[in-house]
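One-letter residues, chain by chain:
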Amino acid sequence: MSQTTATPTAVVTVPVVPLLKLGTWVVFFGLLAMLAIFFVSADQGALSLPAGNAVHEWVHDARHLLGYPCH
Amino acid sequence: MSTVPGESSALSPAAFLIRGLAVGLVAGLIAFVVAFALGEPQVDDAIGLEEAAAAHLTPDEVAAEEAAADEDGMVEISRENQKSWGLLTGMLAVGAALGGLASLAAAAVLGRLGGLSARGSTALVGLLGFVAIALVPFAKYPATPPAVGSGDTIGGRTASYFGLLLVSVLAVIAVVVLANRLLARLDGWTAALIGAAAYLVVVTVAGYLLPSVNELGDFPADTLWYFRRASLVTLASLWAAIGVGLTVLVGRMYDRFAADVARRELAASL
């Protein structure tokens, strides 16, 4: 398992992704993903952004079938 | 030039995310096909029941509904659009979001879970994602078809659902960290079983403390079961596609990385 043996047949240790570098991506994409899930799962139900029911009606069936509380 | 363990530009967060988004879109498409074939007949049945019930409304109630429908921003979308393009939009959006999040989780656990390979740790993310994000919330607050649920309680039900989802996600992250710490003293199976037990205790207590929902009324039991079964199969197919697809793509990405390292070590040894 050691990398000190520099033979071509040496087992390559599974690398890790640095957490600090990953953290930026998690924050950035985490917010985007939550926004996307919010529009499908909860918008114009308990909370409305924007007002009306167009988003709710359009994704209505996906909201029911993915198990989110719809109405 | 030898590689420094723990540093790799080939396995960057962006490389994971782009694979996660691609896998998520495909998974969303698969979930759409499953939901359309298995779920939509039940949704149509439920809407039929809803409309049959609406036929008995008093003129005052009908007038109130029509007034509400005339407010600004209120639209009516045909059933044909809801069950095809609307359903597809929702599945693709949720698929891409969950696929992307799963890929970043796979990046976080890569090489960090004891002796698990790149494929092993990625497959575990898919499995835990299904349990924590789909199965556990479903067990307490199962999907309900149209015609079930009062508009007056949607706020409370939404808060309860997402509260349980939040507890479940935080708990699964915590027990993975816990089980990983235990690896120093215990073998992998024991550590994993202790982690699984700890997770189940946390979500069971959370589920016990959160309010129950029962707004079924006299909704027919068979339609309800068919709908819930279709919903669970849809969620399972979404997560299965994310888990399998991500495992394949991350595995290949790791293979290329490993081949690259082996080639450089060979060159260095000459």
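Residues numbered from 1 in each chain as written. Chains lettered and ligands numbered in written order. Predicted model: local features only at pLDDT ≥ 70, side-chain atom pairs only at ≥ 80, totals over all residues.

Chain A is annotated in an unreviewed UniProt entry as Cobalt transporter of Nocardioides aromaticivorans.

A. Fine view of the overall build of chain A. A tally of helices and strands in chain A yields 3 helices and 0 strands. Taken from N to C terminus, the helices and strands of chain A fall in the order α-α-α. Buried positions account for 44% of the 71 residues belonging to chain A. (Helix = DSSP H or I, 4+ residues; strand = E, 2+ residues; numbered from the N terminus. Buried ≥ 20, exposed ≤ 12 C-beta atoms within 10 Å, placed from the backbone.)

B. Layout of the overall build of chain B. The helix and strand tally for chain B stands at 7 helices and 0 strands. Going from the N terminus to the C terminus, chain B shows its helices and strands as α-α-α-α-α-α-α. For 270 residues, the compact-globule estimate of 2.2 N^0.38 gives 18 Å, and chain B exceeds it by more than 25% at 23 Å. Overall size of chain B, expressed as C-alpha extent along the three principal axes, is 90 × 40 × 35 Å. The buried share among the 270 residues of chain B stands at 40%. Nonlocal contacts in chain B, meaning residues at least 24 apart in sequence, comprise 87% of its contacts between residues at least 6 apart. (Rg over C-alpha atoms; globule rule 2.2 N^0.38 Å. Contact = placed C-beta atoms within 7 Å.)

C. Focus on the interface of chain A and chain B. Each partner contributes residues to the interface: chain A has 44 residues there, and chain B has 63 residues. Of all elements in the fold, only α1 (19-41), α2 (54-58) and α3 (60-65) of chain A reach the threshold of two or more residues within the side of chain A that touches chain B. Per element, the largest residue contribution to the side of chain A that touches chain B is 11 residues, and it comes from α1 of chain A. Classifying every residue of the side of chain A that touches chain B gives 29 nonpolar, 11 polar and 4 charged. (Nonpolar A, V, L, I, M, F, W, Y, C, P; charged D, E, K, R; others polar.)

D. Main features of the packing of α1 of chain A against helix α3 (residues 79-109) of chain B. The contact between α1 of chain A and α3 of chain B brings their axes to 9 Å, and the two run at 160 degrees. Relative to α3 of chain B, the element α1 of chain A lies roughly antiparallel. The handedness of the crossing between α1 of chain A and α3 of chain B is left-handed. Of the residues in α3 of chain B, those touching α1 of chain A at L22, W25, V26, F29, G30, A33, A36, I37, F39 and V40 of chain A are G90, A93, V94, A96, A97, G100, L101, L104, A107 and A108 of chain B. Among the residues making up the contact of α1 of chain A with α3 of chain B, the classes are represented as 17 nonpolar, 3 polar and no charged. (Axes fitted to C-alpha atoms, helices over the stretch in contact; angles between N-to-C directions. Parallel < 35°, antiparallel > 145°, perpendicular 65-115°, else oblique. Left-handed = near helix turned anticlockwise from the far one by under 90°.)

E. How the structure looks around the nonpolar core. Within the largest apolar cluster, 85 residues are counted, with the highest numbers of intra-cluster contacts made by M91, V94, L104, A106 and I242 of chain B. In terms of residues, this core owes the most to one element, α3 of chain B, which gives 17 residues. A domain-level breakdown of this core finds at least three residues from each of domain 1 (13-145 + 221-269) and domain 2 (149-215) of chain B. For V94 of chain B, the contacting residues outside a window of four places in its chain are I37, V40, A62 and L66 of chain A together with G28 of chain B. (Core = buried A, V, L, I, M, F, W, Y, C linked by C-beta atoms within 7 Å. Domains from an automatic or database assignment.)

F. The arrangement of the UniProt feature "transmembrane region" (unreviewed entry) in chain A in detail. The UniProt entry lists residues 22-40 of chain A under the feature "transmembrane region" (unreviewed entry), expressed in the numbering used here. Helix makes up 100% of residues 22-40 of chain A and strand 0%, and the two end C-alpha atoms of the span are 26 Å apart. (UniProt positions renumbered as here; feature names shortened; annotations may be inferred.)

G. Molecular detail of helix α1 (residues 13-54) of chain B. Taking 1.5 Å of rise per residue, 42 residues should cover 62 Å, yet α1 of chain B covers just 52 Å from first to last C-alpha, more than 12% shy of that figure. Its axis deflected by about 50 degrees at G39 of chain B, α1 of chain B carries its strongest bend there, up to four residues before the proline P41 of chain B. (Expected span 1.5 Å × (residues − 1). Bend = angle between axes of the 7 residues up to and from the residue.)

H. Just the domain arrangement of chain B, in detail. All names here are of chain B. Examined at the domain level, chain B breaks down into domain 1 (13-145 + 221-269) and domain 2 (149-215). The centre of domain 1, based on its C-alpha atoms, is set 19 Å off from the matching centre of domain 2. Opposite the 12 residues of domain 1 that make contact, domain 2 presents 15 residues. Here the side of domain 1 that touches domain 2 is composed, by residue class, of 7 nonpolar, 3 polar and 2 charged.

I. Fine view of the packing of α1 of chain B against helix α7 (residues 221-269) of chain B. Residues and elements named next belong to chain B. Closest axis-to-axis distance for the α1/α7 pair is 8 Å, and the angle between their directions is 165 degrees. Judged on the interaxial angle alone, α7 and α1 are roughly antiparallel. For the element pair α1 and α7, the recorded crossing hand is right-handed. Broken down by class, the residue content of the contact of α1 with α7 amounts to 21 nonpolar, 9 polar and 2 charged.

J. Representation of the environment of V33 of chain B. All names here are of chain B. Secondary-structure assignment places V33 in helix α1. The class of V33 is partly exposed, set by 13 C-beta atoms lying within 10 Å. Placed 42 residues apart in sequence, V33 and V75 show a C-alpha to C-alpha distance of 26 Å.

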